[in-house]
Amino acid sequence: MNDRERPVPAPPVRPALVALLAEAAQAPPGWAAGLTGESRLDGDLLLDESELAALHEGLQRSFGPSVDLAALRAGLDLAALEALTVADVERLLPAEDAR
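Remember, predicted model here, so these are calculated numbers, not experimental data.

Of the regular secondary structure elements, the protein chain holds five helices and zero strands. For the protein chain, the N- to C-terminal ordering of α and β elements is α-α-α-α-α. Counting only C-alpha atoms, the protein chain reaches 45 × 30 × 30 Å along its principal axes. Here the analysis covers contacts within the protein chain between residues at least 6 apart in sequence; of these, 63% occur between residues at least 24 apart.

Orientation of helix α1 (residues 15-25) relative to helix α2 (residues 49-63), taken along the N-to-C sense of each, is 140°, at an axis distance of 8 Å. In this structure, the crossing between α1 and α2 has a hand that is right-handed. Where α1 approaches α2, its residues A16, L17, L20, L21, E23, A24 and A25 are matched on the opposing element by E51, A54, L55, G58, L59, R61, S62 and F63. Taken together, the residues that form the contact of α1 with α2 break down as 10 nonpolar, two polar and three charged.

What follows concerns the nonpolar core. Residues L17, L21, L41, L47, L55, L59 and V86 are the most contacted members of the largest nonpolar core, which totals 20 residues. Elements with a contribution of two residues or more to this core: α1, α2 and α5 (86-90). Once residues lying within four places of it in the same chain are set aside, the contact partners of L59 are L17, L20, G64, V67, L69, V89 and L93.

Turning next to the environment of H56. Structurally, H56 is set in helix α2. H56 sits in the buried class, given a relative accessible area of 16%. Taking C-alpha positions, H56 is 6.5 Å from A70, a pair spaced 14 residues apart along the chain.

Analysis parameters
- Residues numbered from 1 in each chain as written.
- Predicted model: local features only at pLDDT ≥ 70, side-chain atom pairs only at ≥ 80, totals over all residues.
- Heavy atoms only, no water.
- Helix = DSSP H or I, 4+ residues; strand = E, 2+ residues; numbered from the N terminus.
- Contact = heavy atoms within 4.5 Å.
- Axes fitted to C-alpha atoms, helices over the stretch in contact; angles between N-to-C directions.
- Left-handed = near helix turned anticlockwise from the far one by under 90°.
- Nonpolar A, V, L, I, M, F, W, Y, C, P; charged D, E, K, R; others polar.
- Core = buried A, V, L, I, M, F, W, Y, C linked by side-chain atoms within 4.5 Å.
- Buried < 20%, exposed > 50% of the residue type's maximum accessible area, 1.4 Å probe, protein only.

So, to be careful, I would describe these as geometric facts and stop short of saying anything about function.
Here's what the structure looks like:
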């Protein structure tokens, strides 16, 4: 592997999103330790429909009605829903300097 092939480390997930995910999942302490942008909401975090609804509500409460996880999910087929990641949700959020 040369310098050009080194993997670029993924940026950390925004702490506000990590907190909302933990709240929605009613997660125990330490739950989010391994959370990355590539973590799938369904396959890795095992969020169910009620937890996803709680996440949607938390996102809108914290970031405003334009952050619409429900609308994003409504436009996806089953395979895309299963592949939905934390990074996909993070892309819905306004830029940190926009708040």
